[in-house]
Amino acid sequence: MKFATRLIHGSHAVDPATGALSIPVYQTSTFAQKSVDQFGKYDYARSGNPTREALEEALADLEGGTHAFAFGSGMAAISSTLMLFAPGDHLVVCEDVYGGAFRVLTKLFGQWGLSVTFVDATRLEAIEAAIRPETKAIYLETPSNPLLKITDIRGAAAIARSRGLLALVDNTFMTPYLQRPLELGCDIVMHSGTKFLNGHSDVVCGFAVVKDEDLAHRIGFIQNAFGAILGPQDCWLTLRGLKTLKVRMEESQSSALKVAAFLDGCPQVKRVYYPGLSTHPGNAVHSGQADGPGAVLSFELESFELTRRLLEGVELAAFAVSLGGVESILSYPARMSHAAMSPADRAERGISDTLVRLSIGLEDPDDLISDLARVVA
Ligand SMILES: *Cc1c(COP(=O)(O)O)cnc(C)c1O
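Counting restarts for each chain: residues are numbered from 1 in the order of the written sequence. In view of the model being predicted, local features appear only for residues whose pLDDT reaches at least 70, and side-chain atom pairs are presented and counted only at 80 or more, with totals across whole chains, interfaces and linings using the full set of residues. For side-chain calculations, the full set of non-hydrogen atoms in the structure is used, while hydrogens and water are omitted.

**Student:** Looking at this structure, how should I read the packing of aromatic side chains?
**Tutor:** Where two aromatic rings form a pair, the distance of their centres and the angle of their planes describe that pair. Note on ring pairs: Phe, Tyr and Trp rings are taken, using the six-membered ring of Trp, and paired if centres are within 6.5 Å. Classes follow the plane angle, with under 30 degrees stacked, over 60 edge-to-face and the rest tilted. This structure, assessed with the given rule, holds 4 aromatic pairs. Geometrically, the ring pair formed by Phe 109 and Trp 112 is edge-to-face, given 5.4 Å between the ring centres and 85° between the ring planes. The partly exposed category is assigned to Trp 112, whose relative accessible area is 35%. Both a distance and an angle decide whether a charge sits over a ring: NZ of Lys or CZ of Arg must be within 6 Å of the ring centre and within 35 degrees of the ring normal. Against the face of Phe 118 rests Arg 349, its NZ or CZ located 5.3 Å from the ring centre. Three labels apply to residues, based on accessible area from a 1.4 Å probe with only protein chains included: buried if under 20% of the type maximum, exposed if over 50%, partly exposed otherwise in between.

Structure below.
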């Protein structure tokens, strides 16, 4: 079955117990057992819950994996995945990784003995050069946040394989509808499901997806032992949001292409970062590994004054942290997603004070463009 059909009729389509078309919210913390020597499939809800299981099976299927694990946030998914590593291990991480991932790596896992080298992952030779004897994994985000830099996933996965490392990809911006890193040779896909997967700005959730039994066993153990699970109500909302993933991504992406073209032609916009523009340096690599450029773009304005006017003056896009909702969201990386980075770290990564990120929702693109045009055209 094709992707759109699997979104609706995948393994999670019908509640096995009742036939309900919407998997019920199994709002329970525990499950009664038959006898001392006969335990059922479910015992305690941290270890397993049917609503969560339906969502996890859906995600595993969509990413082309065998197992998925749902967590209470994207950061819980990332942090739990990082628990695979041990003090003394080293990771090679793309330099403009999500600000929260940068923070947990440098402030928490660093103190615990995990070391990290941040590299410009758009250059495979930079990844290769950073590998040490104690390196255990390559951690990527492509397109990256907020500069939409593109890493060659197949190339990075091949390096990982030849050096005995795991390849991890945060696939939040693309979703499995547009990009499936496990099929490109990676080992673990991570998500903030808070963004496009749920898509309605009403749940915070995260996922780790794998295609290997041993990794599935290890992450399943961490999920249960560490305990950062997603609750049943949020699993249900995410299952519901997921059903429209294809139509939302298609519509938002088609509008993003129009908005990017408009911004690209504005004299007060210094630069537009969007892999859908033929001038984007990663355009060709991206087209070879993903089915579309997605619905997030960022751009640099000519002055801080104009940046402030835009952030405060645009009416249709909410000025907020987050992305991937049905409503367009305008955010300011220097003070929001990347506030956890020092000004020096931000400057080194090209995240300037006039950089704005725009996630395109489901409004009519003409309205979004007129709204932006009031300020920048
Ligand atoms: C939002 C985000 C995260 C963190 O997810 P939360 O659900 O906010 O914890 C991680 N990676 C990327 C790329 C994100 O956009």
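Let's pick the thread back up.
**Student:** Explain the nonpolar core here, please?
**Tutor:** Generally speaking, nonpolar side chains in soluble globular proteins are found buried as a group. Only buried residues count toward a nonpolar core. Its members are Ala, Val, Leu, Ile, Met, Phe, Trp, Tyr and Cys residues joined through side-chain atoms within 4.5 Å. Judged by nonpolar contacts, the single largest core of 119 residues is most densely connected at Leu 263, Phe 299 and Leu 310. Working rule for contacts: check all heavy atoms of both residues, and any pair within 4.5 Å makes them a contact. Dropping the residues within four chain positions of it, Phe 299 is found in contact with Leu 263, Val 269, Arg 271, Val 272, Tyr 273, Leu 310, Thr 354, Leu 355, Val 356 and Leu 358.

**Student:** Looking at this structure, how should I read the site of the ligand?
**Tutor:** Taken together, 15 residues sit near the ligand, with Gly 74, Asp 170, Ser 192, Thr 194 and Lys 195 positioned nearest. Contacts described as polar in this section are N or O atom pairs within 3.5 Å, which, within protein, must combine one atom able to donate a hydrogen with one able to accept it, while residues neighboring in sequence count only if both atoms come from side chains. Side-chain polar atom of Lys 195 to an oxygen atom of the ligand: 2.7 Å apart, as the coordinates give it. All accessible areas in this document rest on Shrake-Rupley with a 1.4 Å probe, and a residue is counted as covered only by the protein chains that are shown. Contact with the protein chains hides 92% of the accessible area of the ligand, taken as 380 Å² for the molecule alone. Considered class by class, the residues forming the shell around the ligand number 7 nonpolar, 5 polar and 3 charged. For each residue, the test is whether any non-hydrogen atom lies within 4 Å of the molecule or strand; if one does, the residue is near. In this count, Pro and Cys sit with the nonpolar residues alongside Ala, Val, Leu, Ile, Met, Phe, Trp and Tyr, while Asp, Glu, Lys and Arg are called charged and the others, Gly among them, polar.

**Student:** Just checking my understanding: could you explain the sheet that holds strand β11 (residues 329–331) for this structure?
**Tutor:** Taken in spatial order, the 5 strands line up as β8-β9-β12-β11-β10 in an open sheet, and their pairing is mixed. With one partner strand each, in any of the chains shown, β8 (269–273) and β10 (318–319) form the two edges of the open sheet. Where β8 and strand β9 (residues 296–301) come together, 4 bridges link them in antiparallel fashion. From the neighbouring strand, Val 269 faces β9, where its bridge partner is Leu 301. Fitted lines through C-alpha atoms give the axes, limited to the stretch in contact for helices. The angle between two N-to-C directions lies from 0 to 180 degrees. Only DSSP runs of H or I reaching four residues or more are called helices, and only runs of E reaching two or more are called strands; each is numbered from the N terminus. Sheet contacts for helix α10 (residues 245–264): β8, β9 and β12 (355–359); angle to β9, the most-contacted strand, approximately 10°. Two strands pair under a simple rule: DSSP has to find at least two bridges between them.

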